Amino acid sequence: MIRHYIKIAFRNLWKKKTFSLINIIGLSIGLTCCLLMAIYIRHELSYDHFQEKGDRIVRVIMEYSFGGAIQKGNFTSTKVAPSFSRNFPEVEKAVRMSGTSRVMRYEEKLFNEKSFVYADSTFLDIFSFKLILGNRAQALSGPNVVVFTKSAAAKYFGDENPVGKIVTVGSGSVPYTVTGVMEDCSSNSQIKFDFIGSFSSLGVTQENTYWDANFTTYLLLRSASAIHTLQPKIRPFMQHEMAAEVSGKDYVTYELEPFKDVHLYSPYDGFEPNNSITYIYIIAAVALLILAIACFTYINLSTARSIERAKEVGIRKVAGAFKNQIFWQFIGESLVISVAALLISTVLACLLLQPFNNLADRNLAIGSLFSPAMLLFELVVILCITLLAGSYPAVILSGFQPIRVLKGAFKNSGTGLVLRKSLIVFQFIISVFLIVACFVIQKQLEYIRSKNLGFDRDHIVVLPMDQKMKANIATVKTVFTNNPGIRSVARVNNEPINIVAGYSMRRADMAENQSIIVNANVVDEDFAKTTGVHFIAGEDFSEQDMKDVEYEDQEKKQYHYILNETAARELGWTPAQAIGKKMFLGTHRPGTVKGVIKDFHFSSFHNPIKPLVLFNENWGNYLLVKLSGENMQQTIEYLESSWKNLVPHRPFEFHFLDDNYNKLYNSEHRLGKVLNTFAAIAVLLAMLGLFGLSAYVIQQRNKEIGIRKVLGASVANVVALLSKDFLQLVIAASLIAFPLAWLVMNKWLQDFTFRVSVGVWIFVAAAFLIIAIALITVSFQAIKAAVSNPVKSLRTE
């Protein structure tokens, strides 16, 4: 019987090749999206599940209020780990960590490694990273020892056993002993590194303050439920600890985040950028909606063909077929289409996996498509598609009564028509919604690209530097600026697009507990010239200002400050009033305000412009090199050759400031690309469904068209008649989708302090686009029918 069902199914599908092809293509596209999204979502949900003690690990988040401003983030001082371990019985062990970059050398091999992590020796007791070589209990004990990952060890030592070998680390070329080799970090680990050095190597000994918060702290609790008893104890404990340091409404406290929740639920990044559970829901929903569009196309075409197959059902019933036999016959056809679509979609998913990895910024393997969990998922999806997409047509067709079929009762009924119209409207609601979302996201991204930041970020090369360069920084700047393609060179602590260093500031007449939280950046006398920030009062730093802070004795240093407008306003000054005023940055930097600059964007557009202080000190992390924009390649080559002569202890590495600015919005760019792709797929599937349905409807109305042409109707009249009903459905879908899209995209834009508005033109453009697409899709069939010879369609009457 089953063999007979399959044979008849293939025969019917082959008989109507066009409709079968549309259904298979539609389902294949929908399933391909689902498969790719499924392995991505499974990967994101599996983050850190390999950690054997993961349910007992928590991350410590610092929250403090100072001067009325509340700050919160993934940073703690070195005191938190030992203090919590001593004072809370719920804590079994704690580890302090710090991610950084380090220049490393072994023999002639020299690299600037960007994934270098320092951690306490308890790291290997808390986390389940596999140590291949070395003693787990001793690998991170003592200063100046380092553990390599397997790939890092191969990079430096090839096939040799690296344990016991000496490498130099950092600008001071400090010798470190290799004590172990670890498996490479899993792609679904939030803690990723190539090297892990002992925390004692940092020489950070101060454990007497909760400030100086530059580290990440993890706690291993004695039980998974201990977080609920520990968290309420922390605030009163910290009130006692900080009683002598804060007063009034100021406070310092800590929150605990379950380790396995960090990747998807925490707003604070760790050793790699977090994802968001909201984005996971959005991606899953869009993928399912696209699959739904493909299924609705199948239902639409199947129910539309019900009239044509009514006689087949009638004959089968007269011949003795039972209702359930006919039902399973049509379910069999649905299963054949679903299996064919699954096979095609699996091939497509394999072919598209690398482009998808580039889009999602992940490294998903083809093997993940064939894991037991994914195979089970595919089986469930196929069964659901077969039953859900195939059951309605099967129920309708198997329910025909032979006598009613001969009278054409179903044809005259509005049941099938209402269903088909409803499904078309739903398909186009999804398509229009995604089109509007794409337009809004692209408009916001264009606003980000084109908005004046308040400084010039174009043609600025960023070169990482270290403190070993401090002695000859003047020589480096002189040699660089000797090239006509280089206009100026400045030394800074943070790049001007992302100034994150936090300090406190106050006027000289303010008490210490009245300080204001502020961002600050160390710069030199060429910063303003290099970046083009605009002075509205006072003047820039001079060479003498840089010499004023060269003293070893802190009391002899003379600090000078440049404020932005917001900082001056927070201190109660106009720009003109601020010049020459005395102020403090932190507790030990008394100085004088020398200038006030116009506010500029020194962080993401998600954030408002906050108070900013630029100050003079003789250290920094980057050189900003302003190029003329001419002969760029030759100028970069000049920089490289000069660097190798002047800074032989560091490899030459550079990036453009503009590139790092764009990286601030990587998640938005990625979301835009994903929605662009999904919108194109949704529109394509809706077009396929509309094309197939319009072709079938027009085929059913061939004789009507022939009569109208004989009575004098023009081609335009016929095309307008056939297109009108479909265009009304598309317009109805647009009117439903617009308010939904407006609500959702306005909510999305609320995350940006500086944002565009959702203008009327976006909806007008989306309406014109979707109507044009629908008109082209339907008109192709309508024109074909309108220009046909009416004699052919009326010949049988």
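Here we look at the overall build of the protein chain
Alright, step 1. Along its length, the protein chain carries 26 helices and 22 strands.
Alright, step 2. When each of the 797 residues of the protein chain is scored for burial, the buried share is 52%.
Alright, step 3. Taking as baseline every contact in the protein chain between residues at least 6 positions apart, the subset at least 24 positions apart corresponds to 80%.
Alright, step 4. Accessible surface, the protein chain: about 36400 Å² in total, of which carbon and sulfur atoms supply 58%.

Some thoughts on the environment of Gly 485
Alright, step 1. Tracing the sequence through the fold places Gly 485 in the loop between helix 15 (473-481) and strand 13 (486-492).
Alright, step 2. Here Gly 485 falls in the buried class, since its relative accessible area comes to 8%.
Alright, step 3. Each C-alpha atom, one on Gly 485 and one on Lys 626, is 8.7 Å from the other, the two residues being 141 residues apart in sequence.
Alright, step 4. Beyond its immediate stretch of four places on either side in the chain, Gly 485 contacts Lys 626, Leu 627, Ser 628 and Thr 635.

Points about the nonpolar core
It is characteristic of soluble globular proteins that their nonpolar side chains tend to be buried jointly.
Alright, step 1. Counting residues in hydrophobic clusters, the biggest one holds 124 residues, and the most contacted among them are Val 436 and Phe 678.
Alright, step 2. Beyond its immediate sequence surroundings of up to four residues, Val 436 is in contact with Phe 738, Ala 741, Ile 762, Phe 763 and Ala 766.
Alright, step 3. Among the nonpolar cores identified, the runner-up in size contains 26 residues, and Ala 81, Ala 226, Ile 227 and Met 238 belong to it.

Side note on a nonpolar patch on the surface
Alright, step 1. A surface patch of nonpolar side chains, amounting to about 430 Å² of accessible area, comprises Ile 344, Val 347, Leu 348, Leu 351 and Leu 352.
Alright, step 2. Mapping Val 347 onto the fold places it in helix 10 (residues 323-360).

Quick word on the environment of Ile 29
Alright, step 1. In this structure, Ile 29 sits in helix 2 (residues 17-45).
Alright, step 2. For the pair Ile 29 and Asp 751, spaced 722 residues apart in sequence, the C-alpha separation works out to 32 Å.

Thoughts on helix 20 (residues 632-646)
Alright, step 1. An ideal rise of 1.5 Å per residue puts 21 Å on 15 residues; helix 20 measures up with 21 Å between its terminal C-alpha atoms.
Alright, step 2. Along helix 20, the residues classified as buried are Thr 635, Ile 636, Leu 639, Ser 642 and Trp 643. End-on, the buried residues of helix 20 take up no more than an arc of 130°, which puts them together on one face. Turned more than 90 degrees away from the buried face of helix 20, the exposed residues are Gln 633, Lys 644 and Asn 645.
Alright, step 3. The inward-facing, buried residues of helix 20 abut strand 12 (460-464), helix 15, strand 13, strand 21 (622-627) and strand 22 (655-656).

A few points about the packing of aromatic side chains
Given two aromatic rings, one states the distance between the centres and the angle between the planes to describe the pair.
Alright, step 1. In total, this model carries 40 aromatic pairs according to the counting rule given.
Alright, step 2. Taking the centre distance of 6.3 Å and the plane angle of 50° together, the rings of Tyr 210 and Tyr 254 count as tilted. Of the two residues, Tyr 210 sits in the loop between strand 9 (195-198) and strand 10 (216-221) while Tyr 254 sits in strand 11 (residues 251-258), which places them 44 residues apart along the sequence. Assigned by exposure class, Tyr 210 and Tyr 254 land together as buried.
Alright, step 3. Each residue in the set Tyr 106, Phe 111, Phe 116, Tyr 118, Phe 148, Tyr 156, Phe 157 and Phe 195 is aromatic and connected to the rest through ring pairs, giving one cluster.
Alright, step 4. One cation-aromatic arrangement involves Lys 155 over Phe 111; the distance from NZ or CZ to the ring centre is 4.2 Å.
Alright, step 5. Lying over the aromatic face of Tyr 251, Arg 235 brings its terminal NZ or CZ to 5.2 Å of the ring centre.

Concerning the pairing of strand 20 (residues 612-616)
Alright, step 1. In terms of burial, strand 20 is largely enclosed, as five of its five residues are buried.
Alright, step 2. Of the two faces of strand 20, the one carrying Leu 612, Leu 614 and Asn 616 and the one carrying Val 613 and Phe 615 are both buried.
Alright, step 3. Inspection of the sheet shows strand 15 (residues 516-523) paired to strand 20 by five bridges, in the parallel sense. From the neighbouring strand, Val 522 faces strand 20, where its bridge partner is Phe 615.
Alright, step 4. Strand direction decides the pairing type here: strand 17 (residues 559-564) and strand 20, joined by three bridges, are antiparallel. When the sheet's bridge partners are listed, Tyr 561 is paired in strand 20 with Phe 615.

Section: the pattern of salt bridges
Alright, step 1. Following the criterion strictly, the structure yields 25 salt bridges and no others.
Alright, step 2. Its salt-bridge partner being Lys 79, residue Glu 241 comes within 3.9 Å of it at the nearest N-O pair. Linking Glu 241 in helix 6 (residues 226-241) with Lys 79 in the loop between strand 2 (69-73) and helix 3 (80-87), this pair joins segments that are 162 residues apart in sequence.
Alright, step 3. Judged by its relative accessible area of 27%, Glu 241 is partly exposed.
Alright, step 4. Taking the relative accessible area as the measure of exposure, Lys 79 reaches 16% and is therefore buried.
Alright, step 5. The network of salt bridges with shared partners includes Lys 477, Asp 524, Asp 526 and Lys 529.

Some points on unusual backbone geometry
Note: most residues except glycine have negative phi, and most peptide bonds are trans.
Alright, step 1. Of note in the backbone geometry, His 459 takes a positive phi value of approximately 60° without being a glycine.
Alright, step 2. Tracing the chain through its elements places His 459 in the loop between helix 14 (415-450) and strand 12.
Alright, step 3. Positive phi is not limited to glycine here, since Asn 631 has a value of about 50°.
Alright, step 4. Looking at the element boundaries, Asn 631 is found in the loop between strand 21 and helix 20.
Alright, step 5. Asn 631 gets classed as exposed once you look at its relative accessible area, which sits at 54%.

Points about the packing of helix 23 (residues 702-710) against helix 24 (residues 715-749)
Alright, step 1. Taken N-terminus to C-terminus, the directions of helix 23 and helix 24 make an angle of 145°; their axes are 10 Å apart at the nearest point. Considering how the two elements wind past one another, helix 23 and helix 24 form a crossing that is right-handed. When helix 23 is examined against helix 24, the residues Glu 704, Ile 705, Arg 708 and Lys 709 are found in contact with a partner set consisting of Val 718, Leu 721 and Leu 722.
Alright, step 2. Of the residues assigned to the contact of helix 23 with helix 24, the class counts are four nonpolar, no polar and three charged.

Brief notes about the pairing of strand 11
Alright, step 1. With six of eight residues buried, strand 11 is to be regarded as a mostly interior element.
Alright, step 2. With eight bridges connecting them, strand 1 (residues 57-66) and strand 11 associate as antiparallel partners. Note on strand 11: the bridge partner recorded for Val 58 is Pro 258.

With respect to the side chain of Ser 98
Alright, step 1. Mapping Ser 98 onto the fold places it in strand 3 (residues 91-106).
Alright, step 2. On the accessibility criterion, Ser 98 (14% relative accessible area) is buried.
Alright, step 3. Residue contacts for Ser 98: discarding those within four places in its chain leaves Phe 116, Val 117, Tyr 118, Leu 202, Asn 214, Phe 215 and Phe 271.

Focus: the environment of Phe 148
Alright, step 1. As for its placement among the helices and strands, Phe 148 is situated in strand 6 (residues 145-149).
Alright, step 2. According to the relative accessible area criterion, Phe 148 is buried, its value standing at 0%.
Alright, step 3. When residues no more than four places from it in sequence are discounted, the contact partners of Phe 148 are Met 104, Ala 153, Tyr 156, Phe 157, Val 167, Val 178, Gly 180, Val 181, Met 182, Asp 194 and Phe 195.

Quick notes on the packing of helix 15 against helix 20
Alright, step 1. The geometry of helix 15 relative to helix 20 is characterised by a closest axis approach of 10 Å and an angle of 155° between their N-to-C directions. Judged on the interaxial angle alone, helix 20 and helix 15 are roughly antiparallel. The handedness of the crossing between helix 15 and helix 20 is right-handed. Packed against helix 15, whose contacting residues are Thr 475, Val 476, Val 479 and Phe 480, the element helix 20 presents Tyr 638, Leu 639, Ser 642, Trp 643 and Leu 646 at the interface.
Alright, step 2. Here the contact of helix 15 with helix 20 is built from residues that sort into seven nonpolar, two polar and no charged.

Some words on helix 24
Alright, step 1. For helix 24, with 35 residues, the first-to-last C-alpha span of 47 Å sits near the 51 Å given by 1.5 Å per residue.
Alright, step 2. At Lys 724, helix 24 shows its strongest bend, of approximately 40°.

Parameters and conventions
- Residues numbered from 1 in each chain as written.
- Predicted model: local features only at pLDDT ≥ 70, side-chain atom pairs only at ≥ 80, totals over all residues.
- Heavy atoms only, no water.
- Helix = DSSP H or I, 4+ residues; strand = E, 2+ residues; numbered from the N terminus.
- Buried < 20%, exposed > 50% of the residue type's maximum accessible area, 1.4 Å probe, protein only.
- Contact = heavy atoms within 4.5 Å.
- Areas by Shrake-Rupley, 256 points an atom, 1.4 Å probe, with all protein chains shown as cover.
- Core = buried A, V, L, I, M, F, W, Y, C linked by side-chain atoms within 4.5 Å.
- Patch = residues over 30% accessible without salt bridge, like charges linked within 9 Å, V, L, I, M, F, W, Y side chains within 5 Å.
- Salt bridge = Lys/Arg side-chain N within 4 Å of Asp/Glu carboxyl O.
- Expected span 1.5 Å × (residues − 1).
- Arc of directions from axis to C-beta.
- Phe/Tyr/Trp six-rings, centres within 6.5 Å; stacked < 30°, edge-to-face > 60°.
- Lys NZ or Arg CZ within 6 Å of the ring centre and 35° of its normal.
- Pairing = 2+ DSSP bridges.
- Axes fitted to C-alpha atoms, helices over the stretch in contact; angles between N-to-C directions.
- Left-handed = near helix turned anticlockwise from the far one by under 90°.
- Nonpolar A, V, L, I, M, F, W, Y, C, P; charged D, E, K, R; others polar.
- Parallel < 35°, antiparallel > 145°, perpendicular 65-115°, else oblique.
- Bend = angle between axes of the 7 residues up to and from the residue.

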